Amino acid sequence: MTRTEAREFMMQVFFQMEACGDFDVNSRTDFMSQEKIRDQKEYCNELHSLLCNKKDEVDDLLRKYSTKWKIERIPKTDLAVLRLAVCEMRYGKVPAAVSINEAVDLAKKYGTDDSGKYVNGILGRIAEELAAEPAAVAYEEEHA
């Protein structure tokens, strides 16, 4: 599994978590087949843990920049893509440009005709804010 495929898989996992209303870090096995993610296991497990542990912070950031849409009204596929990208940009070691590009591709594939533009706009503004902050502490260091 490539990193791009892992992102797509995790976007689908995030979509399922939203649909089930289950953001418990202990529910990982309910959503993720360890066999399927074997060579991207660390990346996928980290993203799952990030969303479970940082969902409120991620969603607050999305609310801040999704001014015309309440988070509850954002299409679930777009929401899953946005959460994934914010987790990568805010807490991971993925450059914002890479995360945004991958997110836009996922939004175009799974969302509506306008999803790519919408996702790009929100993530672009979030990336600007994050770039203006002191370097975000990596999730591993924060919880060491």
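Residues numbered from 1 in each chain as written. Predicted model: local features only at pLDDT ≥ 70, side-chain atom pairs only at ≥ 80, totals over all residues. Heavy atoms only, no water.

Within an unreviewed UniProt entry, the label attached to the chain reads Transcription antitermination protein NusB, and the organism entered is Anaerotruncus colihominis. Check the Function (unreviewed entry) section of the UniProt entry for the chain; it says "Involved in transcription antitermination. Required for transcription of ribosomal RNA (rRNA) genes. Binds specifically to the boxA antiterminator sequence of the ribosomal RNA (rrn) operons." Taken verbatim from the UniProt record of the chain, the Sequence similarities (unreviewed entry) comment is "Belongs to the NusB family." (UniProt positions renumbered as here; feature names shortened; annotations may be inferred.)

Draft legend 1. Fine view of the side chain of glutamate 102. Note on placement: glutamate 102 falls in helix α5 (residues 96-110). A residue is classified by how much of its surface remains accessible, and glutamate 102, at 16% relative accessible area, is buried. Apart from the residues lying within four places of it in its own chain, the contact partners of glutamate 102 are Thr4 and Arg7. (Helix = DSSP H or I, 4+ residues; strand = E, 2+ residues; numbered from the N terminus. Buried < 20%, exposed > 50% of the residue type's maximum accessible area, 1.4 Å probe, protein only. Contact = heavy atoms within 4.5 Å.)

Draft legend 2. Spotlight on helix α6 (residues 115-132). Under the 1.5 Å per step criterion, the end-to-end length of α6 is 26 Å for 18 residues, consistent within 8% with the ideal 26 Å. Of all the residues in α6, the buried ones are Ser115, Gly116, Val119, Ile122, Leu123, Ile126, Ala127, Glu129 and Leu130. An end-on view of α6 places all buried positions within 165° of arc, on one side of the element. Among the exposed residues of α6, those pointing more than 90 degrees away from its buried face are Lys117, Glu128, Ala131 and Ala132. In this structure, the buried side of α6 is in contact with α3 (41-65), α4 (76-91) and α5. (Expected span 1.5 Å × (residues − 1). Arc of directions from axis to C-beta.)

Draft legend 3. Spatial organisation of the packing of α3 against α6. Look at α3 against α6: their axes get within 9 Å of each other, and the N-to-C directions meet at 110°. As the angle between them shows, α3 and α6 are arranged roughly perpendicular. Considering the relative orientation of α3 and α6, their crossing is right-handed. In this structure, α3 uses Leu61, Leu62, Lys64 and Tyr65 to contact α6, whose residues at the interface are Ile122, Arg125, Ile126, Glu129 and Leu130. Classifying every residue of the contact of α3 with α6 by side-chain character gives six nonpolar, no polar and three charged. (Axes fitted to C-alpha atoms, helices over the stretch in contact; angles between N-to-C directions. Parallel < 35°, antiparallel > 145°, perpendicular 65-115°, else oblique. Left-handed = near helix turned anticlockwise from the far one by under 90°. Nonpolar A, V, L, I, M, F, W, Y, C, P; charged D, E, K, R; others polar.)

Draft legend 4. Expanded view of the environment of tyrosine 118. By the element assignment, tyrosine 118 lies in helix α6. Sequence spacing of tyrosine 118 and leucine 82 is 36 residues, and the spatial spacing of their C-alpha atoms is 9.9 Å. If near-sequence neighbours (up to four positions away) are discounted, tyrosine 118 is found in contact with Ser66, Trp69, Ile74, Asp78 and Leu82. At 2.8 Å, the side chain of tyrosine 118 forms a polar contact with the side chain of serine 66. (Polar contact = N/O pair within 3.5 Å; in protein donor to acceptor, adjacent residues only side chain to side chain.)

Draft legend 5. Spatial organisation of the pattern of salt bridges. Counted under the stated rule, the structure contains eleven salt bridges. Residues glutamate 57 and lysine 54 are paired through a salt bridge, measuring 3.8 Å at the closest nitrogen-oxygen approach. With glutamate 57 and lysine 54 both in helix α3 and three residues apart, this pair spans about one turn of that helix. Under the relative-accessibility criterion, glutamate 57 is labelled partly exposed at 41%. Given a relative accessible area of 8%, lysine 54 falls into the buried group. For the salt bridge of lysine 55 with aspartate 59, the shortest nitrogen-to-oxygen distance reads 3.1 Å. (Salt bridge = Lys/Arg side-chain N within 4 Å of Asp/Glu carboxyl O.)

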